[in-house]
Amino acid sequence: MRSTLHLKFIILYLIFGFLCIFTASTLTNELMSNQLEEKTFSSLYKEANLIAADYLPEYFSEEASFFAIRTQLRAMQLYLESSLWFTDSEGKILVSASLDDTNAPTEITDFNPAEAGSAQYLIGNYHNYFQEDMITVIAPVTQGFSTKGYFLIHYPMSSLEEQRNLLMWPVYVTLVVIYAFSFLFLIGIHFFIYRPLRNVTMGATQYASGNLNYEIPIYTHDEMGYLSVSLNYMATQLRDMEEYQKKFIANVSHDFRSPLTSIKGYVEAIADGTIPPEMQEKYLNIILFEAERLTDLTQDLLTLNEFDTKELLLDKTQFDIQEMIKNTANSFEGTCTKNRISIELLFLPKEALVFADARKIQQVLYNLLDNAIKFSENDSTITVEVSERNEKIFISIKDSGCGIAKKDLGKIWERFYKTDQSRGKDKKGTGLGLSIVKEAILAHDEHINVVSTEGVGTEFIFSLSKR
């Protein structure tokens, strides 16, 4: 698999880092600048109004000399780190204290104390008197009820930028640390998502190419692990299905080829005169017997196909299961008489009404009785018992034949499986009877069990609903 997904994770990681730096350098920087600007203006405005109200009016009342005011402003200039101008009402500079020995003008050109408008402060070089942008705050100096002058504070924007840079430095360091630690998430994605997904993709590729023996390695028990387990299970089922199909085709081919070979051989022998006319009846009966085998096999395959394709629609009706058992047992009278086998019926004293598909259940009874007769010894008894428990009717068919080995009990429901392998060529059984029985009972949402002991006999028990 090309590592396009891996490359996408790396690209996303780089984009994440770029967005972090870009966001910090633009949005965070802008927000920080706005906050510092608002905070600085608020502080300067408060200081300007305090000085303008408490100290500067004394200049106009001649309670404080020019030198006292200048000394006071220079002290405040060092504290505020700003240029301080004290003007009259026309904008003429009365006292100034400037940063970096910058000489203040004697008079402010086009002086307008209300030029800031609703913003209450100005940002710029203030009429080109400064070499850099300043935050300018203007506060009126009043005496009595008239404005005698104005007090101006010019705070350099470079100081704001220095404060912002000092505050942004920890932000950048924190972002770098976060970005470095986020690399651990990239590693986690690689180990916990990319690698398991790559294994799953590799497994899917192997399965698509027909390699159903490939097994996806499982390292976790999360969704990826569950997906891997599910795909491994799917591959196992497909592999078993493939083996079953091969076995199914081989069995069908064998069971069709054997009677067809016999029929072809005998027909050719009759046609070319190898078999004399007086012997033809015998071999015609053999041909008829083999033809019946083919008919039974074809019918059984069609029946199983109904179950496999889920097209089976049960025609459920209410009927007496005991009456059906009696009629089915009567159909084996000739075979039982010939082999001196008796069928014992143990019925309930009343009707045993069940709700099921009569045709399918009759087929179940016929297959189980036929199976019991085939494996019963001469002069033996087959017992069919009907019992009732809650809302269920239980039917038991028990023989005293050779029994089924423990190793074969789990396989008897498989199609074409025959415990007596010698019956495959010279007996009529197709190995599909019990498969049909199991499918029919499961289609009714009921259960069937088998109990068997070698040398003692076998008992099949299945249930049917009364309602």
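The structure contained in this document is the topic of the report that follows. Model, not experiment: these values are computed from the prediction.

Definitions and limits used
- Residues numbered from 1 in each chain as written.
- Predicted model: local features only at pLDDT ≥ 70, side-chain atom pairs only at ≥ 80, totals over all residues.
- Heavy atoms only, no water.
- Helix = DSSP H or I, 4+ residues; strand = E, 2+ residues; numbered from the N terminus.
- Buried < 20%, exposed > 50% of the residue type's maximum accessible area, 1.4 Å probe, protein only.
- Areas by Shrake-Rupley, 256 points an atom, 1.4 Å probe, with all protein chains shown as cover.
- 1 Å grid on protein atoms, 1.4 Å probe; cavity = no way out; pocket = protein on both sides within 12 Å on 5 of 7 lines; lining within 4 Å.
- Points joined across faces, edges and corners; volume = space filled by probe spheres on them.
- Salt bridge = Lys/Arg side-chain N within 4 Å of Asp/Glu carboxyl O.
- Arc of directions from axis to C-beta.
- Polar contact = N/O pair within 3.5 Å; in protein donor to acceptor, adjacent residues only side chain to side chain.

1. Some details on the overall build of the protein
Alright, step 1. A count of helices and strands for the protein gives 12 helices and 12 strands.
Alright, step 2. Counting over 467 residues, the protein shows a buried share of 38%.
Alright, step 3. A total of about 27,700 Å² of accessible surface is found on the protein, and carbon and sulfur atoms cover 55% of it.

2. Re empty space enclosed by the protein
Alright, step 1. Scanning the model with the defined rule gives 1 cavity of 30 Å³ or more in all.
Alright, step 2. Taken as a whole, the largest cavity encloses approximately 40 Å³ of empty space.
Alright, step 3. Contributing to the lining of the largest cavity are Pro-196, Asn-199, Pro-217, Ile-218, Tyr-219, Thr-220, Gly-225 and Ser-228.

3. Regarding the pattern of salt bridges
Pairs can form between side chains of opposite charge whenever their charged atoms are close.
Alright, step 1. All chains considered together, the criterion is met by 5 salt bridges.
Alright, step 2. A salt bridge links Arg-340 to Asp-379, with the shortest nitrogen-to-oxygen separation between them at 2.8 Å. Separated by 39 residues along the polypeptide, Arg-340 in the loop between helix H8 (333-339) and strand E7 (342-346) and Asp-379 in the loop between helix H9 (358-374) and strand E9 (381-389) bring together distant segments of the chain.
Alright, step 3. A salt bridge links Asp-370 to Lys-374, with the nearest nitrogen and oxygen atoms 3.0 Å apart. Placement of the pair is Asp-370 and Lys-374 together in helix H9, with a separation of 4 residues, close to one helical turn.
Alright, step 4. Among the charged side chains, a salt-bridge network with shared partners connects Lys-350, Glu-388 and Lys-466.

4. Let's talk about helix H7 (residues 321-330)
Alright, step 1. Of all the residues in H7, the buried ones are Ile-321, Gln-322, Met-324, Ile-325, Thr-328 and Ala-329. Seen from one end, H7 has its buried residues packed into an arc of 160°, which puts them on one side.
Alright, step 2. By the N-cap criterion, in which a side-chain oxygen at the helix start approaches the backbone nitrogen of a residue two or three places on, H7 is capped by Asp-320, the distance to Gln-322 being 3.1 Å.

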